[in-house]
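Listed below are the residues making up each chain.
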Amino acid sequence: MLSLWSATSDIPSFDALQGDTKTDVLIIGGGLAGILCAFELKSRGIDCLLVEADKICSGITKNTTAKITSQHGFIYDKITKKFGVENAQKYLQANENAVKKYAKLCKNIDCDFYEKDNIVYCVDNYKKVEKELIALQNIGYKTQIEYKLPVPIGIAGAIRFKNQAQFNPLKFVAHIVKDLNIYENTKVIEIRNNVAITNRGNIKAEAFIVATHFPFMNKHGAYFVKMYQHRSYVIAIDRNNNLDGMYVDEAKTGMSFRNAGDLLLIGGGDHRTGKQGGSYNELRRFAKTYYPENHEKYHWATQDCMTLDSIAYIGEYSKNTPNIYVATGFNKWGMTTSMVASEVLSDIIIGKKNDYADLFSPQRSMLTPQLPLNIGESVLGLVAPSTKRCPHLGCALKWNSAERTWDCPCHGSRFSEKGELIDNPATDDLK
Ligand code: FES
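This text gives an overview of the structure that appears in the document.

How each quantity is defined
Residues numbered from 1 in each chain as written. Predicted model: local features only at pLDDT ≥ 70, side-chain atom pairs only at ≥ 80, totals over all residues. Heavy atoms only, no water. Helix = DSSP H or I, 4+ residues; strand = E, 2+ residues; numbered from the N terminus. Buried < 20%, exposed > 50% of the residue type's maximum accessible area, 1.4 Å probe, protein only. Contact = heavy atoms within 4.5 Å. Salt bridge = Lys/Arg side-chain N within 4 Å of Asp/Glu carboxyl O. Axes fitted to C-alpha atoms, helices over the stretch in contact; angles between N-to-C directions. Left-handed = near helix turned anticlockwise from the far one by under 90°. Nonpolar A, V, L, I, M, F, W, Y, C, P; charged D, E, K, R; others polar. Phe/Tyr/Trp six-rings, centres within 6.5 Å; stacked < 30°, edge-to-face > 60°. Lys NZ or Arg CZ within 6 Å of the ring centre and 35° of its normal. Disulfide = S-S within 2.5 Å. Polar contact = N/O pair within 3.5 Å; in protein donor to acceptor, adjacent residues only side chain to side chain. Parallel < 35°, antiparallel > 145°, perpendicular 65-115°, else oblique. Pairing = 2+ DSSP bridges. Core = buried A, V, L, I, M, F, W, Y, C linked by side-chain atoms within 4.5 Å.

### Details of the environment of cysteine 57
Logical step 1: Along the polypeptide, cysteine 57 turns up in the loop between β2 (48–51) and β3 (67–68).
Logical step 2: By relative accessible area, which is 5% here, cysteine 57 ends up buried.
Logical step 3: Sequence separation between cysteine 57 and serine 6 is 51 residues, and the spatial gap between their C-alpha atoms is 9.3 Å.
Logical step 4: Ignoring anything within four residues of it in the chain, the contact list for cysteine 57 reads Gly30, Ile35, Lys62, Leu170 and Val173.

Structure follows, in structure tokens:
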């Protein structure tokens with residue numbers, strides 16, 4: 001089924017590349033992150049070109065819940081503990097700048113943009129809420145703990161961020177791509193000596209941005225160790241109650257709520273890709289219990305890259321790949337982080353100092369408790385028996401009966417029942 005955004009937007013089409021060409025900056029990947037990078041670079045007068053293997057916004061962007069916020073779960077306590085108060089402050093600034101930039105851009109775009117508060121709640125651990133509040137107070141953010149939600153969920157406490165936003169991402173994209181140089185159905189196979197080899201011709205560039213959701217070059221950067229993927233689900237029911245805000249559980253497997261016109265979007269059912277989880281069933285059970293009179297109008301699922309320390313990887317792809325940059329690992333916060341990425345990467349490319357570049361650098365330390373878990377999962381996947389194996393690195397694929405797909409628990413590649421590639425890092429269909 002189409003997501004609400006796909007069903008209510010009209011995204012323009014672009015031709016495929018015909019033969020060789022050149023540009024200053026080549027952006028690989030036509031999701032929101034790549035498109036915002038192209039938009040920002042163009043606005044700075046940089047010659048750039050974007051290529052997409054399929055159609056633009058055919059991946060994750062069309063399947064989001066489209067919340068624009070600098071409140072990414074209870075992230076500020078985590079960042080303060082690992083990277084210090086100053087970096088937590090920088091994370092807030094980078095994201096608040098992104099929220100403000102959306103507000104400015106969307107003033108002139110018909111994309112259902114509404115300023116809303118964002119509220120992160122915790123169902124069972126008041127101490128956690130308190131710690132997040134203290135971390136926020138330490139970086140100078142004024143808020144307080146609340147104890148009630150306008151949805152039927154009991155909570156230990158919640159924290160509100162004012163003046164955040166929600167929108168329809170595809171209506172937004174449909175507007176901003178109009179003047180960009182884009183080639184669709186143009187798949188980059190590799191980058192060699194400043195030339196991207198595609199299925200349609202070669203593209204010479206001074207710099208490259210890889211914005212392919214999961215980075216497609218496996219030889220560099222070790223992203224398959226530094227990330228795993230997580231699936232989550234959304235149902236839209238015809239419940240006309242105004243929540244006047246966006247609500248999300250701080251726990252990875254919790255639920256989220258927001259309005260979109262007359263609809264109520266309920267998100268959740270999360271699980272690591274290739275593992276069991278609540279899926280649509282969990283959301284439908286919730287809707288049936290608490291909103292039995294209402295009907296489901298849309299449903300969709302999405303997939304997110306999760307990093308080792310909950311901060312995105314934005315910057316140099318690896319130490320050995322000069323002039324290749326990456327934006328990935330948005331940890332479920334792709335709208336705001338895509339905007340952050342477009343600023344950070346545009347600054348790096350034009351040689352301007354960016355205050356947030358070090359914080360998001362993919363070259364930061366990998367030593368986190370998540371690292372051995374990622375490695376362990378890969379080892380298990382490699383030795384597990386299966387009738388189907390993933391063409392990425394050979395892990396055993398698991399059948400996902402809810403979506404009728406073959407999913408890889410190691411790094412999250414997914415394939416249709418017939419074996420066609422749906423989600424990377426694998427780059428080919430099943431044999
Ligand atoms: Fe890496 Fe399947 S995605 S082995």
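There is more to say, and it comes next.
### Focus: the pattern of salt bridges
Here the idea is simple: oppositely charged side chains can pair when their charged atoms come close.
Logical step 1: One pass over the structure, following the stated rule, counts 27 salt bridges.
Logical step 2: Here arginine 192 and glutamate 190 are joined by a salt bridge, their closest N and O atoms 2.6 Å apart.
Logical step 3: You can call arginine 192 partly exposed: its relative accessible area is 46%.
Logical step 4: Assessed through its relative accessible area of 29%, glutamate 190 is described here as partly exposed.
Logical step 5: Lysine 353 serves as the salt-bridge partner of aspartate 355, at 3.7 Å between the closest nitrogen and oxygen.
Logical step 6: Exposure remark for aspartate 355: the relative accessible area of 46% places this residue in the partly exposed category.
Logical step 7: For lysine 353, a relative accessible area of 68% gives the class exposed.

### What about the packing of helix α2 (residues 32–43) against helix α6 (residues 169–176)?
Logical step 1: Taken N-terminus to C-terminus, the directions of α2 and α6 make an angle of 35°; their axes are 11 Å apart at the nearest point. Two packed elements cross with a definite hand, and for α2 against α6 that hand is left-handed. Between α2, through Leu32, Ile35, Leu36 and Phe39, and α6, the contact on the second element is made entirely by Phe172, Val173 and Ile176.
Logical step 2: Residues of the contact of α2 with α6, tallied by class, amount to seven nonpolar, no polar and no charged.

### Overview of the packing of aromatic side chains
Logical step 1: Considering all chains together, one arrives at 16 aromatic pairs under this definition.
Logical step 2: Consider the rings of tyrosine 76 and tyrosine 91, whose centres lie 5.9 Å apart with planes at 75°: the pair is edge-to-face. With tyrosine 76 in helix α3 (residues 75–83) and tyrosine 91 in helix α4 (residues 85–106), this pair connects stretches of sequence that are 15 residues apart.
Logical step 3: Through a chain of ring-to-ring contacts, three or more aromatic side chains come together here, namely Tyr76, Tyr91, Tyr141, Phe161 and Phe360.
Logical step 4: It is lysine 226 that lies over the ring of tyrosine 223; its NZ or CZ is 4.5 Å from the centre.
Logical step 5: In this arrangement the basic side chain of lysine 226 is found over the ring face of tyrosine 313, its NZ or CZ atom lying 5.1 Å from the centre.

### Points about the state of the cysteines
Logical step 1: All told, the structure shown has one disulfide when counted by the stated rule.
Logical step 2: Linked covalently through their sulfurs, cysteine 395 and cysteine 410 form a disulfide whose S-S length is 2.1 Å. The sign of the S-S torsion, about -90°, decides the handedness of the disulfide formed by cysteine 395 and cysteine 410: left-handed. Pair noted here: cysteine 395 is in the loop between α11 (370–383) and β18 (398–400) and cysteine 410 is in the loop between β19 (405–407) and β20 (414–416), with a separation of 15 residues, a long-range link.

### What to know about the side chain of asparagine 424
Logical step 1: Counting through the fold element by element, asparagine 424 comes out in the segment after β21 (421–423).
Logical step 2: What makes asparagine 424 buried here is its relative accessible area of 15%.
Logical step 3: Among the polar contacts listed, one links the side chain of asparagine 424 to the backbone oxygen of threonine 212, at a separation of 2.7 Å.
Logical step 4: Of note is the side chain of asparagine 424, whose polar atom sits 2.7 Å from the backbone oxygen of phenylalanine 214.
Logical step 5: With residues up to four places along the chain from it excluded, the contact list for asparagine 424 reads Thr212, His213, Phe214, Gln229, Gly412 and Ser413.

### Things to note about the packing of α2 against helix α9 (residues 334–350)
Logical step 1: Packing of α2 against α9 brings their axes to within 8 Å, and their N-to-C directions diverge by 40°. With respect to α9, the axis of α2 lies oblique. Relative to α9, α2 is oriented so that their crossing is right-handed. Contacts between α2 and α9 pair Leu32, Ala33, Leu36, Cys37, Glu40 and Leu41 from the former with Gly334, Met335, Ser338, Met339, Ala341, Ser342, Glu343, Leu345, Ser346 and Ile349 from the latter.
Logical step 2: The class makeup of the residues in the contact of α2 with α9 is 10 nonpolar, four polar and two charged.

### Some remarks on the pairing of strand β8 (residues 188–192)
Logical step 1: With four bridges connecting them, β8 and strand β9 (residues 195–198) associate as antiparallel partners. Following the sheet pairing, arginine 192 is matched in β9 by valine 195.
Logical step 2: What sits between β8 and β9 in their antiparallel hairpin is a turn of two residues, with asparagine 193 showing a positive phi close to 50°.

### Observations concerning the sheet that holds β21
Logical step 1: On the basis of which strands lie adjacent, the open sheet formed by four strands has the order β18-β19-β20-β21 and antiparallel pairing. Either end of the sheet is taken by a strand with one partner, and the two such strands are β18 and β21. Within this sheet the neighbouring strands show an average axis-to-axis angle of 35°, counted without direction.
Logical step 2: Alignment of β19 against β20, held across three bridges, turns out to be antiparallel. Looking at the pairing, threonine 405 lines up with serine 416 of β20.

### Considering the nonpolar core
The nonpolar side chains of soluble globular proteins are, as a tendency, buried together.
Logical step 1: Core analysis: the biggest nonpolar cluster contains 80 residues, and Tyr76, Tyr102, Phe167, Phe172 and Phe360 have the highest contact counts within it.
Logical step 2: For this core, the element with the most residues is α4, which contributes eight residues.
Logical step 3: Those residues in contact with tyrosine 102 that sit more than four places away from it in its chain are Leu32, Leu36, Ile68, Phe113, Phe167, Phe172, Met335, Thr336 and Met339.

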